[in-house]
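One-letter residues, chain by chain:
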Amino acid sequence: MLTIMKLLIASFLCLACLHQANAQSITLFDVDTSKFPTMTGKIWAFDAAGNQQRPSASELSLTENGQPRTITSITCPPQQPPKALSVVLVIDVSGSMGSGYGSVPNIELAKSAARAWVNGLPLGKSECAITSFDGSNYLNQDFTTDRDKLLNAISPLKPNGGTDYDAALINPMAGGLIVSKRGNHQKVIVFLTDGQGGGTESAIVAEANSQSCIVYCVTLGMPAPDILENIASRTGGQTYENVTTVEGAEDVYNKILQVAQGSLPCDITWTSGVSCPRWQYNHRFIMARSEITNRLRAAVQCHCFADGSTYLRCLWQATSCYTKRYNAHAHCSKCRLHRNGYNTNVWLC
């Protein structure tokens, strides 16, 4: 573990010196305040290549409102051999993919994320196919273990046409769930779009479940529509929304790859000291960072209030997350939190 973390820290220093965009990331999520002041949560930590890291409590520090807190434990499950996967990357090539929220069009975010997936997937053990869709569907590359074929299939993708989720997933000849039938291993679909599209949720879910195919949904620059949230949750997948940067897209695909291959996050526990005036809304900020580089860090903002009893509770649960560039060297995940009709945001940097 010490050797791994030294390599991780060395990579951070190098990236900071070279001003590289594709830096490591750490994400704190699923914060549980039910036993306040004892706080628990989960963390993902990845190096620049998307490989999961397992830091110890002594290698991270945590502050609340700038005040140091004691991390009592970080427990990481044993690393397991990755599951063999048969993955279909389903990529939106509708006309709207030609634009984006910055200088980089969404189609380039999609291509970068797909390349990150292909480069990170242990081909030979796993296999991958690439399809695209607008109002129709296209088989860009059938299942293969040839990395060059997959990368060559990604480069020519160009935006044109409308957005149809049925075409993307269940319509012949190249709907993702048509192609996935030919897979030899655990079937996975990673579906990416930047548009609202029509689709038949019940038929998509039924077909995916008949194949035991897990569907992950990623949206660029918009909240995930209910149909995509439901497809993901009803097939055992997850939804990632409002991705707006290349770094964010690659980070999301790296996380999905780790989860799909059977990796599990680490558990973190610490003792909180945050207080809020009785019946008054306030904010809770939590930051975790590397002691040496100050670059592995996570910040959580959460509304909390006294409930009239003897302790405070944070009554929010994360419903969706996306990642964006925060500054020249930090990459942040933003989670939309919702509870009892209220919304707030969480930044994980």
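Fair warning: this is a prediction, and the values are worked out from it, not measured in the lab.

Asks: Please explain the state of the cysteines as it appears in this structure.
Replies: In a disulfide, the sulfur atoms of two cysteines are covalently bonded to one another. Per the counting criterion, the structure on display carries one disulfide. A sulfur-sulfur separation of 2.0 Å characterises the disulfide bridge that pairs Cys-76 with Cys-266. On the S-S bond that ties Cys-76 to Cys-266, the torsion sits near 105°, and the link is right-handed. Taken together, the residues span a long stretch of sequence, with Cys-76 in the loop between strand S5 (71-75) and strand S6 (85-92) and Cys-266 in strand S12 (residues 266-271) at a distance of 190 residues.

Asks: Sorry, what's going on with the sheet that holds S5 here?
Replies: Reading across from one edge, S1-S2-S12-S5 is the order of the four strands in this open sheet, with antiparallel pairing throughout. Only two strands of the sheet have a single partner each, and these edge strands are strand S1 (25-35) and S5. Pairwise comparison of adjacent strand axes, ignoring direction, gives a mean angle of 20° for this sheet. Both S1 and strand S2 (residues 38-46) contribute to a ladder of seven bridges, which runs antiparallel. Within the sheet, the bridge partner assigned to Lys-35 lies in S2 and is Thr-38.

Asks: Any chance you could explain the pairing of S2 here in plain terms?
Replies: A regular strand carries its side chains on alternate faces of the sheet. Where S1 folds back onto S2 in an antiparallel hairpin, the turn is made up of two residues. Where S2 meets S12, six bridges bridge the pair, whose relative direction is antiparallel. Looking at S12, one finds that Lys-42 is bridged to Asp-267.

Asks: Help me understand the packing of aromatic side chains in this model?
Replies: Aromatic ring pairs are described here by two measures, namely the spacing of the ring centres and the angle between the planes. Inspection of the entire model under this criterion finds three aromatic pairs. A centroid spacing of 5.3 Å and a plane angle of 20° characterise the contact between Phe-133 and Phe-191, whose relative ring orientation is stacked. Taken together, the residues span a long stretch of sequence, with Phe-133 in strand S7 (residues 127-133) and Phe-191 in strand S9 (residues 186-193) at a distance of 58 residues. Under the relative-accessibility criterion, Phe-133 is labelled buried at 0%. Residue Phe-191 is classed as buried on the basis of its relative accessible area, which comes to 0%. Considering the side-chain rings of Tyr-165 and Phe-191, the 5.5 Å spacing of their centres and the 90° angle between planes classify their relative orientation as edge-to-face. With a gap of 26 residues between them, Tyr-165 in helix H4 (residues 165-169) and Phe-191 in strand S9 connect regions that are remote in the sequence.

Asks: Sorry, what's going on with the environment of Ala-174 here?
Replies: Within the element layout of this structure, Ala-174 appears in the loop between H4 and helix H5 (176-179). The class of Ala-174 is buried, set by a relative accessible area of 5%. Through-space distance from the C-alpha of Ala-174 to that of Thr-131 is 6.7 Å; in sequence the pair is 43 residues apart. Not counting chain neighbours up to four residues away, the residues in contact with Ala-174 comprise Thr-131, Asn-137, Tyr-138, Leu-139, Ala-168 and Val-179.

Asks: Honestly, the confidence of the model for the protein chain in this entry has me stumped. Any pointers?
Replies: In regions of low pLDDT, the predicted coordinates are not meant to be interpreted in detail. Across the protein chain, the average pLDDT comes to 76, with 71% of residues at or above 70. Counting interchain partners and residues more than four positions distant, the pLDDT-below-50 stretch residues 1-23 has 38 contacts. Within the model, the stretch residues 276-349 combines pLDDT values under 50 with 216 contacts to residues more than four positions away or in other chains.

Asks: So what exactly am I meant to see when it comes to the side chain of Thr-239 here?
Replies: One can find Thr-239 in strand S11 (residues 239-243). Here Thr-239 is in contact with Cys-217, Ala-224, Leu-228, Glu-229 and Ala-232, once residues within four sequence places are set aside.

Asks: How do you make sense of the pattern of salt bridges when you look at a structure like this?
Replies: Once the charged atoms of two side chains with opposite charge are near each other, the side chains can pair. Following the criterion strictly, the structure yields five salt bridges and no others. Taking the shortest distance from any N to any O, the salt bridge between Asp-142 and Arg-182 comes out at 3.2 Å. Taken together, the positions of Asp-142 in strand S8 (residues 137-144) and Arg-182 in the loop between H5 and S9 put the pair 40 residues apart, joining distant regions of the chain. On the basis of relative accessible area, Arg-182 is assigned to the partly exposed category, the value being 40%. Two residues, Lys-255 and Asp-251, come together in a salt bridge whose shortest N-O distance is 2.3 Å. Taken together, the residues span about one helical turn, with Lys-255 and Asp-251 both in helix H8 (residues 246-260) at a distance of four residues.

Asks: How should I be thinking about H8 in this particular structure?
Replies: Counting along an α-helix, one turn takes 3.6 residues, and residues three or four places apart therefore face a common direction. The terminal C-alpha atoms of H8 lie 21 Å apart, and with 15 residues this matches the ideal 21 Å at 1.5 Å per residue to within 8%. Burial analysis of H8 places 13 of its 15 residues in the buried class, the great majority of the element. Once H8 finishes, Gly-262 follows within two positions and takes phi at roughly 100°, a positive value.

Asks: What is the right way to look at the pairing of S12 in this model?
Replies: The pairing of S5 with S12 spans four bridges and is antiparallel. When the sheet's bridge partners are listed, Ser-73 is paired in S12 with Thr-269.

Asks: Quick question: what am I supposed to make of the packing of helix H6 (residues 201-210) against helix H7 (residues 226-234) here?
Replies: Two quantities define a packed helix pair, namely the angle between the axes and the distance from one axis to the other. For the pair H6 and H7, the least separation of the axes is 10 Å and the interaxial angle reads 20°. By the angle class used here, H6 and H7 are roughly parallel. Considering only the axes of H6 and H7, their crossing is right-handed. On H7, the residues that touch Glu-201, Ile-204, Val-205 and Asn-209 of H6 are Ile-227, Asn-230, Ile-231 and Arg-234. Among the residues making up the contact of H6 with H7, the classes are represented as four nonpolar, two polar and two charged.

Thresholds, definitions, all that
- Residues numbered from 1 in each chain as written.
- Predicted model: local features only at pLDDT ≥ 70, side-chain atom pairs only at ≥ 80, totals over all residues.
- Heavy atoms only, no water.
- Disulfide = S-S within 2.5 Å.
- Helix = DSSP H or I, 4+ residues; strand = E, 2+ residues; numbered from the N terminus.
- Pairing = 2+ DSSP bridges.
- Axes fitted to C-alpha atoms, helices over the stretch in contact; angles between N-to-C directions.
- Phe/Tyr/Trp six-rings, centres within 6.5 Å; stacked < 30°, edge-to-face > 60°.
- Buried < 20%, exposed > 50% of the residue type's maximum accessible area, 1.4 Å probe, protein only.
- Contact = heavy atoms within 4.5 Å.
- pLDDT = per-residue confidence, 0-100.
- Salt bridge = Lys/Arg side-chain N within 4 Å of Asp/Glu carboxyl O.
- Expected span 1.5 Å × (residues − 1).
- Parallel < 35°, antiparallel > 145°, perpendicular 65-115°, else oblique.
- Left-handed = near helix turned anticlockwise from the far one by under 90°.
- Nonpolar A, V, L, I, M, F, W, Y, C, P; charged D, E, K, R; others polar.

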